[in-house]
Amino acid sequence: MAKPQVVVAPVLMSKLSANAPEFYPSGYSAYTESYEDGCEDYPTLSDYVQEFLNHLTEQPGSFETEIEQFAETLNGWVTTDDALQELVELIYQQATSIPNFSYMGARLCNYLSHHLTISPQSGNFRQLLLQRCRIHHKVKDQAAKGDEVTRKRFHAFVLFLGELYLNLEIKGTNGQVTRADILQVGLRELLNALFSNPMDDNLICAVKLLKLTGSVLEDAWKEKLKTDMEEIIQRIENVVLDANCSRDVKQMLLKLVELRSSNWGRVHATSTYREATPENDPNYFMNEPTFYTSDGVPFTAADPDYQEKYQELLEREDFFPDYEENGTDLSGAGDPYLDDIDDEMDPEIEEAYEKFCLESEHKRKQ
């Protein structure tokens, strides 16, 4: 039997985040059926796992419906130490090389840590995964000061470890669920490495990690009466004053300090409503959607290199809220937005539209 070619499909420029609505692209049903037949069509474990990982990368919404079948198939296939090691390595490589797979990879790791039946003497799935993370973690200082390619891979590892800390559940003997303390310690050391080498991309990675995990880390440290977050904030303020990073990155760091001062943007029910703006809401950029480049690199309004592109995409979504960027109608009508636009508007809609255009023009001139 010929070995199937595994290809990671390019990621389309679209809004996709941990909080975004999940969707099912065309071709989903046919692809799903191939997994219902088990692994007979795949000559090796690597082929089966890699194709499933690529499938999740393209279609994250399929996780809930296919993960149980995937785990059951693995339980019939992963029966040796070597097979388990290979499985861990495949998932680890995907999660640290595909930028928008870190969250999905962490969810997958959590599920398999609770549903794989094999538990050899060398360690179960979770233990082997943490051992693999430790290998990359040991070279953090060299990676943070390495060349651009090395740093980029290191940043992907950092963000995956952040997602793993948030998603990997450890169940105690009494049924209580906790997070892995070893990951909490590891994230603290990774932040030290990033701030000790204050290049722009290292600092941007630190900002992203703290936006992702800052509130949870600070809660955990406070529970242990530790002042680690205070030390991190002081480190950030020193970087803003002394480091030769760009003005935009310094602005990002200051916004992060403001975000933390507002309890990481966590709003209490008793708070009075105010329209969010960059000036009054430190959490403003976190409330904006996430876009992805054609290479799968995520960016938000807070990323200085993509601010113009971000505004362009955001305005396109505002003008056509019911349409994907490739012209597919998400509201169910089925016609691309350029094919048939009604020339007449309701007076109220027309007034609101004119107001929006004026406000957009005003923002562009500022």
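Residues numbered from 1 in each chain as written. Predicted model: local features only at pLDDT ≥ 70, side-chain atom pairs only at ≥ 80, totals over all residues. Heavy atoms only, no water.

Counting its regular elements, the protein chain contains 14 helices and 4 strands. The 366 residues of the protein chain split such that 43% are buried. Considering only contacts in the protein chain between residues 6 or more positions apart, those separated by 24 or more positions represent 66%. Element-wise, carbon and sulfur atoms account for 49% of the exposed surface of the protein chain, whose accessible area totals about 20700 Å². (Helix = DSSP H or I, 4+ residues; strand = E, 2+ residues; numbered from the N terminus. Buried < 20%, exposed > 50% of the residue type's maximum accessible area, 1.4 Å probe, protein only. Contact = heavy atoms within 4.5 Å. Areas by Shrake-Rupley, 256 points an atom, 1.4 Å probe, with all protein chains shown as cover.)

A few words now on the nonpolar core. When a protein is soluble and globular, its nonpolar side chains tend to lie buried together. The biggest cluster of nonpolar side chains holds 81 residues, and the ones touching the most others in it are Leu74, Leu87, Leu112, Phe125, Leu164, Phe195 and Ile236. In terms of residues, this core owes the most to one element, helix H10 (residues 200-223), which gives 11 residues. Apart from the residues within four sequence positions on either side, phenylalanine 125 is in contact with Leu84, Leu87, Val88, Ile91, Cys109, Leu112, Ser113 and Leu116. (Core = buried A, V, L, I, M, F, W, Y, C linked by side-chain atoms within 4.5 Å.)

Right, let's get into H10. Given 3.6 residues per helical turn, the α-helix brings residues three or four places apart onto the same face. Here H10 contains 24 residues, and its C-alpha end-to-end distance of 32 Å stays within 8% of the 34 Å for a straight helix at 1.5 Å per residue. At threonine 213, H10 shows its maximal kink, close to 65°. A positive backbone phi angle near 60° is found at leucine 225, which sits one or two residues after H10. (Expected span 1.5 Å × (residues − 1). Bend = angle between axes of the 7 residues up to and from the residue.)

Turning our attention to the confidence of the model for the protein chain. Within the protein chain, residue pLDDT values average 76, and 62% of them lie at 70 or more. The low-confidence segment residues 1-37, where pLDDT is below 50, has 62 contacts with residues more than four positions distant or belonging to other chains. Here residues 317-345 is modelled with pLDDT under 50, and outside its nearest four sequence neighbours on either side it reaches 31 contacts, counting other chains as well. (pLDDT = per-residue confidence, 0-100.)

A few words on the environment of valine 78. As for its placement among the helices and strands, valine 78 is situated in the loop between helix H3 (63-77) and helix H4 (81-97). Taking the C-alpha atoms as reference, valine 78 lies 7.3 Å from isoleucine 118; in sequence the two are 40 residues apart. The contacts of valine 78, once residues within four sequence positions are left out, are Leu45, Ala83, Leu84, Leu87 and Ile118.

Interaxial distance between helix H8 (residues 148-167) and helix H9 (residues 181-196) falls to 10 Å at its minimum, and their mutual angle equals 150°. With respect to their mutual orientation, H8 and H9 come out roughly antiparallel. Along this stretch, H8 crosses H9, giving a crossing that reads as left-handed. Together, Phe154, His155, Phe157, Val158, Leu161, Gly162, Leu164 and Tyr165 of H8 and Leu183, Gln184, Leu187, Leu190 and Leu194 of H9 make up the contact between the two elements. (Axes fitted to C-alpha atoms, helices over the stretch in contact; angles between N-to-C directions. Parallel < 35°, antiparallel > 145°, perpendicular 65-115°, else oblique. Left-handed = near helix turned anticlockwise from the far one by under 90°.)

Within this structure, the stated rule accounts for 10 salt bridges. Among the ionic pairs, aspartate 228 bridges to arginine 188, the shortest N-O distance being 3.0 Å. Taken as a pair, aspartate 228 in helix H11 (residues 228-242) and arginine 188 in helix H9 lie far apart in primary sequence, 40 residues in all. In this structure, arginine 188 engages glutamate 231 in a salt bridge whose closest nitrogen and oxygen atoms are separated by 2.9 Å. Of this pair, arginine 188 sits in helix H9 while glutamate 231 sits in helix H11, and the two are 43 residues apart along the sequence. On the basis of relative accessibility, which here comes to 13%, the residue arginine 188 falls in the buried class. (Salt bridge = Lys/Arg side-chain N within 4 Å of Asp/Glu carboxyl O.)

Note that threonine 96 resides in helix H4. Of the residues examined, threonine 96 reaches a relative accessible area of 0% and is grouped as buried.

What follows covers unusual backbone geometry. Peptide bonds are trans in most cases, and residues, glycine excluded, mostly fall at negative phi. Of note, the phi angle at leucine 225 is positive, near 60°, even though the residue is not glycine. Secondary-structure assignment places leucine 225 in the loop between H10 and H11. Unusually for a residue other than glycine, asparagine 263 sits at a positive phi of about 60°. Within the secondary structure layout, asparagine 263 lies in the loop between helix H12 (247-261) and strand S3 (291-292).

Right, let's talk about the packing of aromatic side chains for a bit. All told, the structure shown has 5 aromatic pairs when counted by the stated rule. Judged by centre distance (3.9 Å) and plane angle (10°), the ring pair of phenylalanine 52 and phenylalanine 70 falls under stacked. Placement of phenylalanine 52 in helix H2 (residues 45-58) and of phenylalanine 70 in helix H3 is noted, with a sequence separation of 18 residues between them. The two residues phenylalanine 52 and phenylalanine 70 agree in class, both being buried. (Phe/Tyr/Trp six-rings, centres within 6.5 Å; stacked < 30°, edge-to-face > 60°.)

Below, the discussion takes up H12. A rise of 1.5 Å per residue sets the reference length of H12, with its 15 residues, at 21 Å; its end C-alpha atoms lie 21 Å apart and thus fit the reference within 8%. Regarding H12, the residues found buried are Val249, Met252, Leu253, Lys255, Leu256, Val257, Leu259 and Arg260. For H12, the elements touching its buried residues are H9, H10 and H11.

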